[in-house]
Amino acid sequence: MSFAYDDDESNPFADPSVRQHTQPPSGGFDYGGTARQVPTQPARTNPASYQQQPTQPPAYSPNQPRLNNDDLLRRQEELDRKAEELQRKEQELKNQAAAKSGTRENNFPPLPSFFPVKPCFYQDFDSDIPAEFRRTVQLLYYMWLVYIISLLYNFVAGVSYYVMVKDAAIESAAMPVIYIVVFTPCAYTCWFRAAYNAFRADSSFNFFLFFFTFFVQFCVCCFFAIGPTSYGMMGWWTLISAFEDSTVCGLIVMVAAVVFTLEAAGMAYLLQRVHSLYRTTDASFTKAQAEFSTNVMGNQHVQRAAAGAATQAARNTFTGGSA
């Protein structure tokens, strides 16, 4: 059944106070009849409509440092130098470890692999010689090389003298060959290796051995510079007789005389330089005697020789007593 009302005044539900209680709240009703808030879901964004803003690169500033080719080359050289230094230190550590274990392979003289004679010594300035002595040992090595070259040139001058000068003795060409064969290995083993071992191990015995043998070498070089003709030494004395017969031969001999003179002066300088370095070390004559006693008497070959000599002496004594 429906009711019809002509106007709002006759309609009881038109009263504002009644409408306030009859209209449901915006959040709706819960099951208990009381108003509750219904959470509203946020509006979803369409991914297709979302556009990502591109990242802008940083603004260029003219004050920023720039690397030119020179800077790059300098940095590359520095890196190469550091790499070489690391490689050298690594090699030094390997050599030191090999030296302690006694497994280092000899590398001097540098002979080809097919050669029947193998290297007899191990030589490495960077790993064996301390940095403060390395330059001096290298100068001694260069002096040994110059000495070999001078002996070879002495042979050339001796042959020239024998061919160009009248009544020249055969010793002028033969004796230089003996000097090359004998003095080349003796100079290396007697005074260069003595200095090498002295600076490598701070050995007093090797220092004194070097001073003695190198002084003898200095005297021999002075004798070569004087140049007695009969001994095959092309020095100043031989130069006089060479100019009398041949100017060309005289010039050849003069070069040899100048070389031996300069070489003697260089040996005197190196002898003084090594002596000054020797004074800065802990080497002494007492330590040299102790090293000699330890190394010589502790050597197995020396012990065997001494034992053999003692045994032979004892046998001779008993044999003589029984006779």
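Reading the values: the criteria
Residues numbered from 1 in each chain as written. Predicted model: local features only at pLDDT ≥ 70, side-chain atom pairs only at ≥ 80, totals over all residues. Heavy atoms only, no water. Helix = DSSP H or I, 4+ residues; strand = E, 2+ residues; numbered from the N terminus. Polar contact = N/O pair within 3.5 Å; in protein donor to acceptor, adjacent residues only side chain to side chain. Contact = heavy atoms within 4.5 Å. Patch = residues over 30% accessible without salt bridge, like charges linked within 9 Å, V, L, I, M, F, W, Y side chains within 5 Å. Areas by Shrake-Rupley, 256 points an atom, 1.4 Å probe, with all protein chains shown as cover. Salt bridge = Lys/Arg side-chain N within 4 Å of Asp/Glu carboxyl O. Buried < 20%, exposed > 50% of the residue type's maximum accessible area, 1.4 Å probe, protein only. Core = buried A, V, L, I, M, F, W, Y, C linked by side-chain atoms within 4.5 Å. Phe/Tyr/Trp six-rings, centres within 6.5 Å; stacked < 30°, edge-to-face > 60°. Axes fitted to C-alpha atoms, helices over the stretch in contact; angles between N-to-C directions. Parallel < 35°, antiparallel > 145°, perpendicular 65-115°, else oblique. Left-handed = near helix turned anticlockwise from the far one by under 90°. pLDDT = per-residue confidence, 0-100. Expected span 1.5 Å × (residues − 1). Nonpolar A, V, L, I, M, F, W, Y, C, P; charged D, E, K, R; others polar.

Comments concerning the side chain of Thr281
With respect to the secondary-structure elements, Thr281 resides in the loop between α8 (247–279) and α9 (285–297). Separated by 2.7 Å, the side chain of Thr281 and the backbone oxygen of Tyr278 make a polar contact. Apart from residues no more than four positions distant in its own chain, Thr281 is found in contact with Phe133, Asp202 and Phe207.

Regarding a nonpolar patch on the surface
A cluster of nonpolar side chains, contributed by Phe155, Val156, Val159, Tyr162, Val163, Met164, Ile170, Val177, Ile178, Val181, Val182 and Val248, occupies part of the molecular surface with about 970 Å² of accessible area. Of all the secondary structure elements, the ones that give two or more residues to the nonpolar patch are α4 (131–164) and α5 (171–201). With six residues, α4 is the single largest residue contributor to the nonpolar patch. A residue is classified by how much of its surface remains accessible, and Met164, at 34% relative accessible area, is partly exposed.

Side note on the nonpolar core
In terms of nonpolar packing, the biggest core is built from 39 residues, with Leu140, Trp144, Trp191, Phe192, Phe199, Phe207 and Phe210 touching the most fellow members. Secondary-structure elements contributing two or more residues to this core are α4, α5, α6 (204–226) and α8. Those residues within four positions of Phe199 in sequence are excluded, and the remaining contacts are Ile129, Pro130, Phe133, Val137, Phe207, Val274 and Leu277.

Focus on the packing of aromatic side chains
Counted according to the given criterion, the structure contains 27 aromatic pairs. Both rings, one in Phe215 and one in Phe218, keep their centres 6.5 Å apart while their planes meet at 35 degrees; by these two values the pair is tilted. Remark: Phe218 and Phe215 occur in helix α6; sequence separation between them is three residues, near one turn of the helix. Since its relative accessible area comes to 45%, Phe215 is described here as partly exposed. Members of the aromatic cluster, joined through ring pairs, are Phe108, Phe121, Phe125, Tyr141, Tyr142, Trp144, Tyr188, Phe192 and Tyr196.

What about the packing of α6 against α8?
In contact at an axis separation of 8 Å, α6 and α8 are set at 165 degrees when each is read in the N-to-C sense. Taken together, the axes of α6 and α8 are roughly antiparallel relative to one another. Classified by chirality, the crossing of α8 by α6 is left-handed. For the pair α6 and α8, the contacting residues are Phe207, Phe208, Phe210, Phe211, Phe214, Phe215, Gln217, Phe218, Cys221, Cys222, Phe224 and Ala225 in the first and Phe260, Thr261, Glu263, Ala264, Met267, Ala268, Leu270, Leu271, Val274, His275 and Tyr278 in the second.

Some words on the environment of Ala225
Examined against the element boundaries, Ala225 turns out to sit in helix α6. Separated by 34 residues in the primary sequence, Ala225 and Val259 place their C-alpha atoms 8.0 Å from one another. Discounting chain neighbours no more than four positions away, the residues touching Ala225 are Gly235, Trp236, Phe260 and Thr261.

Details of the confidence of the model for the chain
When pLDDT is averaged across the chain, the result is 78; 65% of the residues are at 70 or more. Below pLDDT 50 for its whole length, residues 29–35 participates in nine contacts with residues either more than four positions away or in separate chains.

A word on α6
With 23 residues, α6 extends 33 Å from end C-alpha to end C-alpha; this agrees with the ideal 33 Å at 1.5 Å per step. Here α6 has its buried residues at Ser204, Asn206, Phe207, Phe210, Phe211, Thr213, Phe214, Gln217, Cys221, Phe224 and Ala225. Trailing α6 by a residue or two, Gly227 shows a phi angle of about 80 degrees, which is positive.

Some words on the packing of α5 against α6
With their axes 8 Å apart at the nearest point, α5 and α6 run at an angle of 145 degrees to one another. Between α5 and α6 lies a crossing whose hand is left-handed. Counting all contacts with α5, which are made through Tyr179, Phe183, Ala187, Cys190, Trp191, Ala194, Ala195, Asn197, Ala198 and Phe199, the residues of α6 involved are Asn206, Phe207, Leu209, Phe210, Thr213, Phe214, Gln217, Val220 and Phe224. A breakdown of the residues in the contact of α5 with α6 according to their chemical character gives 15 nonpolar, four polar and no charged.

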